[in-house]
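This is what each chain is made of:
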Amino acid sequence: MAGKNQHIYKRKAMVEFGRRNKEFEFNDLLVFMAEYKTKTGRPHKSVPTTYTQLNNLLRAHPQFRNVGDGKWMFLGDERI
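Presented here is a report on the structure given in the accompanying data block. (Residues numbered from 1 in each chain as written. Predicted model: local features only at pLDDT ≥ 70, side-chain atom pairs only at ≥ 80, totals over all residues. Heavy atoms only, no water.)

### As for the side chain of Q63
Then step 1. Take Q63: it is sitting in the loop between helix 3 (51-60) and strand 2 (64-68).
Then step 2. A polar side-chain atom of Q63 sits 3.4 Å from the main-chain carbonyl oxygen of G76. (Helix = DSSP H or I, 4+ residues; strand = E, 2+ residues; numbered from the N terminus. Polar contact = N/O pair within 3.5 Å; in protein donor to acceptor, adjacent residues only side chain to side chain.)

Set out below in C-alpha coordinates:
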(Lines give C-alpha, C1' and ligand atoms only; values in the text may rest on other atoms or scores of the structure.)
Protein backbone atom coordinates (compact mmCIF):
# COMPACT_ATOMS: atom_id res chain seq x y z
CA MET A 1 0.00 0.00 0.00
CA ALA A 2 1.39 3.35 -1.01
CA GLY A 3 -0.76 5.57 1.18
CA LYS A 4 0.39 9.16 1.51
CA ASN A 5 3.83 8.36 0.08
CA GLN A 6 2.56 7.85 -3.46
CA HIS A 7 4.85 9.22 -6.18
CA ILE A 8 7.34 10.57 -3.64
CA TYR A 9 10.33 10.28 -6.00
CA LYS A 10 8.40 11.85 -8.88
CA ARG A 11 7.44 14.82 -6.70
CA LYS A 12 11.04 15.24 -5.50
CA ALA A 13 12.29 15.26 -9.10
CA MET A 14 9.62 17.80 -10.09
CA VAL A 15 10.65 20.17 -7.29
CA GLU A 16 14.34 19.72 -8.17
CA PHE A 17 13.60 20.69 -11.77
CA GLY A 18 11.39 23.59 -10.67
CA ARG A 19 14.11 25.05 -8.44
CA ARG A 20 16.49 25.11 -11.40
CA ASN A 21 13.94 26.47 -13.91
CA LYS A 22 11.34 28.84 -12.45
CA GLU A 23 9.33 28.89 -15.71
CA PHE A 24 9.43 25.90 -18.01
CA GLU A 25 7.71 24.01 -20.78
CA PHE A 26 5.80 20.87 -19.85
CA ASN A 27 7.74 18.76 -22.35
CA ASP A 28 11.07 19.87 -20.86
CA LEU A 29 10.01 18.47 -17.48
CA LEU A 30 8.74 15.28 -19.11
CA VAL A 31 12.14 14.71 -20.79
CA PHE A 32 13.98 15.54 -17.54
CA MET A 33 11.97 12.93 -15.67
CA ALA A 34 12.44 10.32 -18.40
CA GLU A 35 16.23 10.79 -18.24
CA TYR A 36 16.50 11.24 -14.44
CA LYS A 37 19.56 9.53 -12.94
CA THR A 38 20.38 8.48 -9.38
CA LYS A 39 23.44 9.80 -7.56
CA THR A 40 25.43 6.85 -8.90
CA GLY A 41 24.47 7.68 -12.49
CA ARG A 42 22.01 4.85 -13.09
CA PRO A 43 18.49 5.55 -14.43
CA HIS A 44 15.99 5.93 -11.58
CA LYS A 45 13.27 3.28 -11.66
CA SER A 46 10.52 5.29 -9.93
CA VAL A 47 10.78 8.70 -11.61
CA PRO A 48 9.92 8.22 -15.33
CA THR A 49 6.26 8.97 -15.95
CA THR A 50 3.64 9.40 -18.63
CA TYR A 51 2.23 12.63 -20.02
CA THR A 52 -1.14 12.20 -18.29
CA GLN A 53 0.30 11.22 -14.93
CA LEU A 54 2.75 14.14 -14.92
CA ASN A 55 -0.03 16.55 -15.84
CA ASN A 56 -2.11 15.31 -12.89
CA LEU A 57 0.86 15.51 -10.51
CA LEU A 58 1.61 19.10 -11.55
CA ARG A 59 -2.01 20.19 -11.15
CA ALA A 60 -2.23 18.64 -7.67
CA HIS A 61 1.11 20.03 -6.44
CA PRO A 62 0.73 23.32 -4.51
CA GLN A 63 4.12 24.69 -5.64
CA PHE A 64 3.37 24.60 -9.38
CA ARG A 65 1.04 26.81 -11.41
CA ASN A 66 -0.04 26.62 -15.04
CA VAL A 67 0.70 29.99 -16.69
CA GLY A 68 -0.21 29.24 -20.28
CA ASP A 69 -0.49 26.62 -22.96
CA GLY A 70 2.11 24.03 -21.92
CA LYS A 71 3.94 26.52 -19.67
CA TRP A 72 4.33 26.04 -15.94
CA MET A 73 5.82 28.08 -13.13
CA PHE A 74 7.48 26.88 -9.93
CA LEU A 75 6.33 29.01 -7.01
CA GLY A 76 8.49 27.46 -4.32
CA ASP A 77 7.37 28.44 -0.86
CA GLU A 78 5.83 31.74 -1.99
CA ARG A 79 2.28 30.68 -2.80
CA ILE A 80 0.42 33.37 -4.72
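### Structural notes on the side chain of H61
Then step 1. You can see H61 is positioned in the loop between helix 3 and strand 2.
Then step 2. Judged by its relative accessible area of 12%, H61 is buried.
Then step 3. Separated by 3.2 Å, the side chain of H61 and the backbone nitrogen of Q63 make a polar contact.
Then step 4. When sequence neighbours within four positions are dropped, the list of residues in contact with H61 reads R11, M14 and V15. (Buried < 20%, exposed > 50% of the residue type's maximum accessible area, 1.4 Å probe, protein only. Contact = heavy atoms within 4.5 Å.)

### What about the sheet that holds strand 3 (residues 71-74)?
Two modes of strand pairing occur in sheets, parallel and antiparallel, and in both the strands are linked by backbone hydrogen bonds.
Then step 1. Strand order across the open sheet formed by 3 strands is 1-3-2, with antiparallel pairing between neighbours. Looking at the sheet topology across the chains shown, the edges are occupied by strand 1 (23-25) and strand 2. Across the sheet, the mean angle separating the axes of adjacent strands is 35° when strand polarity is ignored.
Then step 2. Where strand 2 and strand 3 come together, 4 bridges link them in antiparallel fashion. If you follow G68 over to strand 3, its bridge partner there is K71.
Then step 3. Packing against the sheet, helix 2 (residues 26-34) makes contact with strand 1 and strand 3, and its axis sits at approximately 80° to strand 1. (Pairing = 2+ DSSP bridges. Axes fitted to C-alpha atoms, helices over the stretch in contact; angles between N-to-C directions.)

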